[in-house]
Amino acid sequence: MARAVSETHGEILAAAARRFAVTGYRGTSLQDIAREVGCSKATVLYHFANKEALLAELMAPAIGVLRDLDDRLGGLTPAAAQEVAAQGFVDLAVRFRREIAVLRGEFPELLCQPAFAHIQEISDRLRDALAGHSDRPSARIAALVLLAGISEACAEFVDIPDDELRSALLTLVRRAVEPVAVSLPQPPTTEDKDS
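Residues numbered from 1 in each chain as written. Predicted model: local features only at pLDDT ≥ 70, side-chain atom pairs only at ≥ 80, totals over all residues. Heavy atoms only, no water.

Student: Can you walk me through the side chain of His-47 in this structure?
Tutor: With respect to the helices, strands and loops of the structure, His-47 is situated in helix α3 (residues 41–47). The residues contacting His-47, other than those within four sequence positions of it, are Val-5, Thr-8, His-9 and Ile-12. (Helix = DSSP H or I, 4+ residues; strand = E, 2+ residues; numbered from the N terminus. Contact = heavy atoms within 4.5 Å.)

Okay, here's the thing in structure tokens:
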């Protein structure tokens, strides 16, 4: 009996994720994926127009969460944006750590593909929020190092339970980012009262 179309579609996605994690996106061919599923390359192409489309569907849930995080950052104060960026990115990285592992080492090249072109802009806004919208080099560098390090840690430490990893990463972020100075309203001076 032939496999159901949706079952085959899911098997192809799962096989692609496994192959990309082991041999990388570039190092995996559609034939490799077909062989692992036990189908023909034509069957893979029936479900996905090409390897880029397969990767785009595999990454779609993570990209959707990243877009939602980007939307939440708009209009927030620098301090609030910094906190939302920290919690949101750590949650995303922990939740999608297997997908992040798939992209390990190939992220810059993948950003050139049309399906992922907008990711760089979102990443830049996320880095800016994590830096507290500061133009200080130390804040911007810390934010970039944290984003890269969080992704790398999530891809590397797949054996650590989600809650433990999330807690450790948030502790690290809070130690590493430069807190945003919150300016409180100043009480009126005697000169202001006399005016």
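This is not the end of the story, as more comes after the structure.
Student: Explain the packing of helix α4 (residues 51–73) against helix α8 (residues 117–130) here, please?
Tutor: One can describe the packing of α4 onto α8 by two numbers: an axis separation of 10 Å at closest approach and a directional angle of 45 degrees. By the angle between their axes, α4 is oblique relative to α8. Crossing angle aside, the handedness with which α4 passes α8 is left-handed. Facing Ile-63, Leu-66, Arg-67, Leu-69, Asp-70 and Leu-73 of α4, the residues of α8 in contact are His-118, Ile-119, Ile-122, Arg-125, Leu-126 and Ala-129. Grouping the constituent residues of the contact of α4 with α8 by class yields eight nonpolar, one polar and three charged. (Axes fitted to C-alpha atoms, helices over the stretch in contact; angles between N-to-C directions. Parallel < 35°, antiparallel > 145°, perpendicular 65-115°, else oblique. Left-handed = near helix turned anticlockwise from the far one by under 90°. Nonpolar A, V, L, I, M, F, W, Y, C, P; charged D, E, K, R; others polar.)

Student: Just to check I follow, could you spell out the pattern of salt bridges for this structure?
Tutor: Any two side chains of opposite charge can pair if their charged atoms end up close together. Counted according to the given criterion, the structure contains nine salt bridges. As a salt-bridge pair, Glu-83 and Arg-174 come within 2.4 Å of each other at their nearest N and O atoms. Of this pair, Glu-83 sits in helix α5 (residues 78–95) while Arg-174 sits in helix α10 (residues 162–176), placing them 91 residues apart in sequence. Its salt-bridge partner being Arg-136, residue Glu-178 comes within 2.5 Å of it at the nearest N-O pair. Of this pair, Glu-178 sits in the loop between α10 and α11 (190–194) while Arg-136 sits in the loop between α8 and α9 (137–156), and the two are 42 residues apart along the sequence. Looking at Glu-178, the relative accessible area reads 24%, which means it is partly exposed. (Salt bridge = Lys/Arg side-chain N within 4 Å of Asp/Glu carboxyl O. Buried < 20%, exposed > 50% of the residue type's maximum accessible area, 1.4 Å probe, protein only.)

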